[in-house]
Amino acid sequence: MFEEKIAALNRETEANPVPVSESFDKRIYTVDEIQDILGIGRTSAYKLVKKNLFHSVRIGGTIRVSKKSFDAWLDQQI
């Protein structure tokens, strides 16, 4: 009976998936994403982060950049 309920829920989820954009709003970028957005190399992306042009934080061994501050900075550049 329990397995039947799980199977039914799985079928419902597969039939009506929630798009990623609706499940959460992206609030951070990775340095790789900034690199892709700007079309620059990895070293250049890290140099921009080091210049504190936009808000970033180090979490463990990774750097996360505030989407809001990055987007505001980018808008000023164009």
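In what follows, the structure referred to is the one given above.
Residues numbered from 1 in each chain as written. Predicted model: local features only at pLDDT ≥ 70, side-chain atom pairs only at ≥ 80, totals over all residues. Heavy atoms only, no water.

### Structural notes on the nonpolar core
- Y29, V31, I34, A45, L48, V49, F54, I63, V65, F70, W73 and L74 together form the largest nonpolar core, which totals 12 residues.
- Of all the elements in the fold, those that place two or more residues in this core are α3 (31–38), α4 (42–50), β3 (62–66) and α5 (67–77).
- If sequence neighbours within four positions are ignored, Y29 has contacts with I34, I37, I63, R64, V65, K67, F70 and D71. (Core = buried A, V, L, I, M, F, W, Y, C linked by side-chain atoms within 4.5 Å. Buried < 20%, exposed > 50% of the residue type's maximum accessible area, 1.4 Å probe, protein only. Helix = DSSP H or I, 4+ residues; strand = E, 2+ residues; numbered from the N terminus. Contact = heavy atoms within 4.5 Å.)

### A look at the pattern of salt bridges
- Scanning the model with the defined rule gives 3 salt bridges in all.
- Here D71 ties to K67 by a salt bridge, and the two come within 2.7 Å at their closest N and O atoms. Here the residue D71 and the residue K67 both occupy positions in helix α5, the gap between them amounting to 4 residues, near one helical turn. (Salt bridge = Lys/Arg side-chain N within 4 Å of Asp/Glu carboxyl O.)

### A closer look at the packing of aromatic side chains
- Within the structure shown, the criterion is met by 4 aromatic pairs.
- Each ring, one from Y29 and one from F70, has its centre 5.4 Å from the other, and the planes form 85°; the classification is edge-to-face. Taken together, the residues Y29 in strand β1 (residues 28–30) and F70 in helix α5 connect sequence positions 41 residues apart.
- Relative accessible area serves as the criterion here: at 0%, F70 is assigned to the buried category.
- The interplanar angle of 65° and the centroid separation of 5.2 Å between the aromatic rings of F54 and W73 together place this pair among those described as edge-to-face. Note that F54 is positioned in the loop between α4 and β2 (56–59) and W73 in helix α5, a separation of 19 residues in sequence.
- On the basis of relative accessibility, which here comes to 13%, the residue W73 falls in the buried class.
- A connected cluster of aromatic rings, assembled from ring pairs, spans Y29, F54, F70 and W73. (Phe/Tyr/Trp six-rings, centres within 6.5 Å; stacked < 30°, edge-to-face > 60°.)

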